[in-house]
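Remarks on the overall topology
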Amino acid sequence: MSGAIIVDEKFCFKVETELTVHKTSVFFPGDAFLVYNSDGQIVFRFDSYGSDSESKDELVLMDATGKCLLSLLRKKPSLHQRWDGYLGEIKEDNHQDPVFKASRSSIIGRSNLMVHVFGDPGDEYQIEGSYARRRCVMYNTSLDSLSKDCVAEIKRKVDPTTNVMLSKDVFWLCVKPGVDSAFAMGLVLVLDQIYGDNDDSDQPDVDLTSEDVSSST
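Being a predicted model, the structure only gives us computed values, none of them experimental. (Residues numbered from 1 in each chain as written. Predicted model: local features only at pLDDT ≥ 70, side-chain atom pairs only at ≥ 80, totals over all residues. Heavy atoms only, no water.)

This part is about the overall build of the protein. For the protein, the helix and strand inventory stands at 1 helix and 15 strands. Within the protein, the proportion of its 217 residues that are buried is 50%. Counting only carbon and sulfur atoms, one obtains 49% of the accessible surface of the protein, whose full area is about 10800 Å². (Helix = DSSP H or I, 4+ residues; strand = E, 2+ residues; numbered from the N terminus. Buried < 20%, exposed > 50% of the residue type's maximum accessible area, 1.4 Å probe, protein only. Areas by Shrake-Rupley, 256 points an atom, 1.4 Å probe, with all protein chains shown as cover.)

Judged by side-chain polarity, V26, F27 and F28 come together as a nonpolar surface patch covering roughly 300 Å² of accessible area. Owing to a relative accessible area of 35%, V26 belongs among the partly exposed residues under this scheme. (Patch = residues over 30% accessible without salt bridge, like charges linked within 9 Å, V, L, I, M, F, W, Y side chains within 5 Å. Salt bridge = Lys/Arg side-chain N within 4 Å of Asp/Glu carboxyl O.)

Predicted confidence across the protein gives a mean pLDDT of 81, with 76% of residues reaching 70 or more. Strand β14 (residues 170–175) holds the highest mean pLDDT among the elements of the protein, 96, whereas strand β15 (residues 207–208) holds the lowest, 40. Confidence drops under a pLDDT of 50 for residues 201–217, and excluding neighbours within four residues, the segment shows 60 contacts in the predicted structure. (pLDDT = per-residue confidence, 0-100. Contact = heavy atoms within 4.5 Å.)

Turning our attention to the environment of I194. With respect to the secondary-structure elements, I194 resides in helix α1 (residues 181–195). The spatial distance from the C-alpha of I194 to the C-alpha of W83 is 9.7 Å, given a sequence separation of 111 residues. When neighbours within four sequence positions are excluded, I194 is seen to be in contact with Q81, W83, R104 and L113.

Before going further, it helps to examine the packing of aromatic side chains. Centre distance and the angle of the planes are the two values used to describe a pair of aromatic rings. All told, the structure shown has 5 aromatic pairs when counted by the stated rule. Ring plane angle 45° and centroid distance 6.1 Å describe the contact between F33 and F46, whose orientation is recorded as tilted. Here F33 is found in strand β2 (residues 29–36), whereas its partner F46 is found in strand β3 (residues 42–47), with 13 residues between them in sequence. Each member of the pair, F33 as well as F46, is classed as buried. Ring geometry for Y131 and F171: centres 6.3 Å apart, planes at 90°, overall edge-to-face. A residue pair is termed long-range when its members are at least 10 positions apart, and Y131 in the loop between β9 (123–130) and β10 (135–140) and F171 in strand β14 qualify at 40 residues. Given the relative accessible area of 0%, F171 is considered buried. (Phe/Tyr/Trp six-rings, centres within 6.5 Å; stacked < 30°, edge-to-face > 60°.)

Of note, Q126 is situated in strand β9. Judged by its relative accessible area of 9%, Q126 is buried. Polar contacts involving the side chain of Q126 include one to the side chain of E128, which spans 2.5 Å. (Polar contact = N/O pair within 3.5 Å; in protein donor to acceptor, adjacent residues only side chain to side chain.)

Another aspect to go through is the nonpolar core. Formed by 45 residues in total, the largest nonpolar core has its most connected members in F44, M138, L173 and M185. By residue number, the principal contributor to this core is α1, which donates 11 residues. In this structure M138 touches Q126, I127, D149, C150, V151, A152, I154, L173, A184, L187 and V188, once residues within four positions along its chain are discounted. (Core = buried A, V, L, I, M, F, W, Y, C linked by side-chain atoms within 4.5 Å.)

What follows is the structure, encoded as structure tokens:
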């Protein structure tokens, strides 16, 4: 993912960037996301118009103007909660090829999310941590990478004026230079659907991994 353009080059920032993600509401609590840059400008948005507790089969990540950047479809049936990501809007006949797929590798025990980006060559990623606690690290684990490179982080946000940690509805998405932040935010939406805000304080951190996902269908 480091340096790779997956959605749009304009979302690959030249410097490390901290985006503020606000899980907010349109009609129901937690049914929308707004993502701001350091100047307070909206970069991404997501509106689901449904209860946060409802299972959703399609997610649409938009830019500030409402243009569709990514369409995320839940693949059915799938015990592993596989999601396919498509560029732009899904056509009615849906003959488009996905640009990536993400799924859990196990339905029991420690949960693993595996992400594979299609291309030549394809890229693979892993996310380690706990989304419920807003503490995750995204790594590029492609076979041609000699190291496990951190490309983005999800972490709790602290109010700089009071030094008080904000609620889990407001958190950082920190992306490294050259990282496609739209793709990273798309993965945040998938994580939110799979893991949500279930309290895992008594459980070990979720270990989200990325590897060959050919068997996770």
